Amino acid sequence: MAVVDAKDLTKFKLEADGSVKRVKTMFRNTIEQGGKFEPEADRYVLYVSLACPWAHRTLIVRALKGLENIIAVVRTTPHMSTNGWPFASVDAFPGADVDPYNNADHVRDLYAKADPNHSGRPSVPVLWDTKHKTIVNNESAEIIRILNTAFNHLLPEKSANLDLFPPNLRDEIDEINAWIYDTINDGVYKSGFAAAQEVYEKAFERVFEGLDRVEAALKGKDYLIGDQLTEADVRLYVTIIRFDVVYHSCFKCNKTTIRDGYPEIHRWLRQLYWNNEAFKSTTNFDHIKHHYWWSLFMINANRIVPVGPIPSIHPLWCDELM
Ligand SMILES: N[C@@H](CCC(=O)N[C@@H](CS)C(=O)NCC(=O)O)C(=O)O
């Protein structure tokens, strides 16, 4: 498929103060019975990068809900470059796919197909409808809520009953999501992409304020809210699992690592990774490291991918190592 003509996707637009703002999401539909997008098996495809934390949220929820046989996944390679995210048809990489549904070479081709006038940055994740041949939604925060409920009638009781956004905890989840997004999920990007010293230092402080607050919230607990897994844990996990491996070094969030500085977060992280297959099976350290160090060549001109840290994640029982 021809690559649409668009600006160089390796270039980020800087604000006047040297900060970078996140891409706008344009497709904000939902999947519901009686709507344009009906919940059906074998109809929807999630286009993801295994490197991307926002896409990672959707992969974890798909796995937690047991939606693997209902919603397909197509994975990009980690090399986001001039044409954006490529598929394996143009950039073979272990763990990446050729796109069997649209024959797209890049994620931008999907956006062009869905809306020929689309002028924003073609981001992942993309929830694609093979029936209407368009994008249903490209906002991960909304996609995970769609996956949480829309397909329940097609699932066995146990999976259908798993609710990551239960009515009695919604206010608490929204509240914690808001400050974790600002200080941590997006905070690490504000630090990493800052093009002015003061902007970087402010973002750096905010990241560690956020982590301090999470450390206190997790004291003696297995989950952020109450005693159950919610979407708040999923949304935090995707940043924390990348922290020691890329954000600490590549994004200059180097006051300390999670493994050395945050014992409660470190315990929570290892428990999710080692005890819950939905977290481990969707985490690919190769894609994560290659993406950040290769794609962001403006902050790593020679595209050398560091070998460490070793290991990428410590074993579950590792306190004796620390
Ligand atoms: N709000 C979006 C953000 C997604 C996003 O920023 N994805 C990044 C990858 S980590 C992307 O695809 N960026 C493409 C670009 O900047 O050109 C979401 O959460 O779904």
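Per chain, the residues get numbers from 1 upward, laid out in the order the sequence is written. Side-chain atom pairs in this predicted model are given and counted only at pLDDT of 80 or more, local residue features only at pLDDT of at least 70, and totals for whole chains, interfaces and linings cover all residues. Hydrogens and water are ignored here; the side-chain numbers use all heavy atoms of the structure.

As annotated in an unreviewed UniProt entry, the chain carries the name GST C-terminal domain-containing protein and comes from Hohenbuehelia grisea.

Draft legend 1. Representation of the pattern of salt bridges in the model. A pair is scored as a salt bridge if a Lys or Arg side-chain nitrogen falls within 4 Å of a carboxyl oxygen belonging to Asp or Glu. One pass over the full model with this rule turns up 14 salt bridges. Here R43 and D129 are joined by a salt bridge, their closest N and O atoms 2.8 Å apart. Of this pair, R43 sits in the segment before β1 (44–48) while D129 is found in strand β3 (residues 126–129), placing the two residues 86 residues apart along the sequence. Burial here depends on accessible area, computed with a 1.4 Å probe over protein chains only, as a share of the maximum for the residue type. Under 20% is buried, over 50% is exposed, and the range in between is partly exposed. When its relative accessible area of 0% is taken as the criterion, D129 is described as buried. Secondary structure elements follow DSSP: runs of H or I no shorter than four residues count as helices, runs of E no shorter than two count as strands, and numbering proceeds from the N terminus.

Draft legend 2. Here's a closer look at unusual backbone geometry. The amide bond that connects V124 to the next residue, P125, takes the cis arrangement and shows omega of 5 degrees. Assignment of secondary structure puts P125 in the loop between α2 (107–114) and β3. The amide bond that connects I310 to the next residue, P311, takes the cis arrangement and shows omega of -5 degrees. Within the secondary structure, P311 is located in the segment after α12 (285–295). Residue K133 is not a glycine yet carries a positive backbone phi of 50 degrees. The residue K133 is located in the loop between β3 and β4 (134–137) in this model. K133 gets classed as partly exposed once you look at its relative accessible area, which sits at 47%. Phi at K252 takes a positive value of approximately 60 degrees, unusual for a residue other than glycine. Of note, K252 is situated in the loop between α8 (231–250) and α9 (258–261). With relative accessibility at 35%, the residue K252 sits in the partly exposed group.

Draft legend 3. Structural context of the environment of I176. The topology assignment puts I176 in helix α5 (residues 170–185). Residue class for I176 comes out buried when judged on its relative accessible area of 9%. Sequence separation between I176 and A232 is 56 residues, and the spatial gap between their C-alpha atoms is 7.1 Å. The contact rule is simple, with two residues in contact once any of their heavy atoms fall within 4.5 Å. Sequence-distant contacts of I176, defined by excluding residues within four places in its chain, comprise L224, I225 and A232.

Draft legend 4. Here's a closer look at the packing of aromatic side chains. For Phe, Tyr and Trp, where Trp contributes only its six-membered ring, two rings pair if their centres lie within 6.5 Å, and the inter-plane angle classes them as stacked under 30 degrees, edge-to-face over 60, or tilted in between. According to the stated counting rule, one finds 20 aromatic pairs in the structure shown. Between W54 and Y181, the ring centres sit 5.8 Å apart and the planes meet at 55 degrees, which makes this aromatic pair tilted. Placement of the pair is W54 in helix α1 (residues 53–64) and Y181 in helix α5, with a sequence separation of 127 residues. Owing to a relative accessible area of 11%, W54 belongs among the buried residues under this scheme.

Draft legend 5. Molecular detail of the domain arrangement of the chain. The source of the domain bounds is an automatic or database domain assignment. For the chain, the domain assignment lists domain 1 (6–161) and domain 2 (167–321). Taken over C-alpha atoms, the centre of domain 1 sits 22 Å from the centre of domain 2. Each partner contributes residues to the interface: domain 1 has 33 residues there, and domain 2 has 37 residues. Joining two parts hides part of their accessible area as seen by a 1.4 Å probe, and the buried area is that hidden amount summed over both. When the two sides are added together, the surface that domain 1 and domain 2 hide from each other amounts to roughly 2,800 Å², 66% of it contributed by carbon and sulfur. Here domain 1 and domain 2 share 2 salt bridges between them. A salt bridge links E231 to R145; its shortest N-O distance comes to 2.9 Å. Taken together, the elements giving at least two residues each to the side of domain 1 that touches domain 2 come down to α1 and α3 (140–149). A total of 9 residues in the side of domain 1 that touches domain 2 trace back to one element, the largest contributor, which is α1. By the convention adopted, Pro, Cys, Tyr, Trp, Phe, Met, Ile, Leu, Val and Ala count as nonpolar, Lys, Arg, Asp and Glu as charged, and the other residues, Gly among them, as polar. Split into classes, the residues belonging to the side of domain 1 that touches domain 2 amount to 21 nonpolar, 8 polar and 4 charged.

Draft legend 6. Local environment of helix α7 (residues 197–217). The end-to-end C-alpha distance of α7 is 30 Å, a good match for the 30 Å that 21 residues give at a rise of 1.5 Å each. Next to the buried residues of α7 lie α5, α6 (187–193), α8, α9 and α10 (263–275). What a helix is expected to span follows from its residue count: subtract one and scale by 1.5 Å.

Draft legend 7. Spatial organisation of the pairing of β4. At least two DSSP bridges between two strands are required for those strands to pair. Alignment of β3 against β4, held across 3 bridges, turns out to be antiparallel. The residue of β4 that forms the bridge with L127 is N137. The antiparallel hairpin formed by β3 and β4 contains 4 residues in its connecting segment, where K133 sits at a positive phi of about 50 degrees.

Draft legend 8. Structural view of a negative patch on the surface. A contiguous patch of negative charge, built from D17, E198, E201 and E205, is present on the exposed surface. With respect to the helices and strands, E205 occurs in helix α7. Like charges within 9 Å and nonpolar side chains (Val, Leu, Ile, Met, Phe, Trp, Tyr) within 5 Å are joined into patches, using only residues over 30% in relative accessible area that form no salt bridge. Shrake-Rupley sampling with a 1.4 Å probe provides the accessible areas, and residues are treated as covered by the protein chains on show and by no other component. In this count, Lys and Arg are taken as positive residues and Asp and Glu as negative ones, while His and the chain termini are left out. The atoms used to mark charge sites are NZ of Lys, CZ of Arg, CG of Asp and CD of Glu.

Draft legend 9. Layout of the confidence of the model for the chain. On a range of 0 to 100, pLDDT expresses the predictor's confidence in each residue. Overall, the prediction assigns the chain a mean pLDDT of 93, with 93% of residues at 70 or greater. Across the interface, the model reports ipTM at 0.98; the global pTM reads 0.94.

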